[in-house]
Amino acid sequence: QLQLVESGGGLVQPGESLRLSCAASGYGFTLDDYAITWFRQAPGKERKEISCITNVGSTNYADPVKGRFTISRDSAKNTVSLQMDLLKPEDTGVYYCAAEKPTWPRRSCPLEYDNWGQGTKVTVSS
C-alpha cells in the first residue's frame, strides 16, 4: 500500500519544460520493487499511459512523448520524476502516477495498478 502525490504541474508555453514528481510514501516499502507509470488524461479524452519505469529499471515511453520526456527514479528520495521538454499543446492534461508491485521482474509496464495519485494539471498554451 503506497500513497502517491504528484506535483510540478502548471501553465507553460509551447516549447518550454516542466518536471513532474511523484512522491511515494508508506511503511516498509522499497521503491525499486515497484513499477511506476505516468498517465495523462487530456480534456475530453480517456486516460493514456505515457511512460513507466519498472522494477528492473527499464523505461518505456508512448510514441507521442518519445524523445521529449524522460522518466527517472530517485530511490533515496522515494520519488519518480518525469522531465518534459519541448512541450506541445497536445501534452495538456491531468498527469497521474500509479504504482504496482510486480510479482516478477519485468521490463514492460504493468497492465493494472493498485496505487494512484490524485494528479497534477499541465496546461501548454500560448
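A.B. asks: Looking at this structure, how should I read the sheet that holds strand 7 (residues 69-74)?
C.D. replies: Strand pairing in a sheet is mediated by backbone hydrogen bonds. Such pairs are either parallel or antiparallel. Strand order in this open sheet of 4 strands is 1-3-8-7, and the pairing throughout is antiparallel. In this open sheet, the two strands that pair with only one neighbour each are strand 1 (3-7) and strand 7. Neighbouring strand axes in the sheet, compared pairwise and without regard to direction, differ in orientation by 15° on average. Bridging between strand 1 and strand 3 (residues 18-25) involves 5 bridges; their strand directions are antiparallel. Opposite Leu4, over in strand 3, you have Ala24 as the bridge partner.

A.B. asks: Is there a simple way to think about the pattern of salt bridges in this case?
C.D. replies: Opposite charge on two side chains permits pairing when their charged atoms draw close. Taken as a whole, this structure holds 4 salt bridges when the rule is applied. Among the salt bridges present, the one from Asp91 reaches Arg40, with a minimum N-O distance of 3.0 Å. With Asp91 in the loop between strand 8 (79-84) and strand 9 (93-100) and Arg40 in strand 4 (residues 35-41), this pair connects stretches of sequence that are 51 residues apart. As far as the burial class goes, Asp91 and Arg40 line up, both buried. Between Arg68 and Asp91 there is a salt bridge, and its shortest N-O distance comes to 2.8 Å. In this pair, Arg68 sits in the loop between strand 6 (59-61) and strand 7 while Asp91 sits in the loop between strand 8 and strand 9, placing the two residues 23 residues apart along the sequence. Residue Arg68 shares its accessibility class with Asp91, and that shared class is buried. Three or more residues joined by partner-sharing salt bridges are found here, namely Arg40, Arg68 and Asp91.

A.B. asks: Before we go on, may I ask you to explain the state of the cysteines in this structure?
C.D. replies: Cysteine pairs can be covalently joined through their sulfur atoms, and such a bond is termed a disulfide. As enumerated under the stated definition, the model contains 2 disulfides in all. What pairs with Cys22 in a disulfide is Cys97, and their sulfur atoms sit 2.1 Å apart. Taking the torsion about the S-S bond as the criterion, the Cys22 to Cys97 disulfide, at about 70°, is right-handed. Here Cys97 lies in strand 9 and Cys22 lies in strand 3, a separation of 75 residues in the sequence. Take Cys22: its relative accessible area is 2%, and that puts it in the buried class. One disulfide bridge connects Cys52 with Cys109, the sulfur atoms lying 1.9 Å from each other. Around the S-S axis, the bridge from Cys52 to Cys109 shows a dihedral of about -95° and counts as left-handed. Here Cys52 is found in strand 5 (residues 47-53), whereas its partner Cys109 is found in the loop between strand 9 and strand 10 (115-116), with 57 residues between them in sequence. Residue Cys52 is classed as buried on the basis of its relative accessible area, which comes to 0%. Regarding the disulfides, the protein carries the connectivity 1-3, 2-4 under sequence-order numbering of its bonded cysteines.

Reading guide: rules and limits
- Residues numbered from 1 in each chain as written.
- Predicted model: local features only at pLDDT ≥ 70, side-chain atom pairs only at ≥ 80, totals over all residues.
- Heavy atoms only, no water.
- Pairing = 2+ DSSP bridges.
- Helix = DSSP H or I, 4+ residues; strand = E, 2+ residues; numbered from the N terminus.
- Axes fitted to C-alpha atoms, helices over the stretch in contact; angles between N-to-C directions.
- Salt bridge = Lys/Arg side-chain N within 4 Å of Asp/Glu carboxyl O.
- Buried < 20%, exposed > 50% of the residue type's maximum accessible area, 1.4 Å probe, protein only.
- Disulfide = S-S within 2.5 Å.

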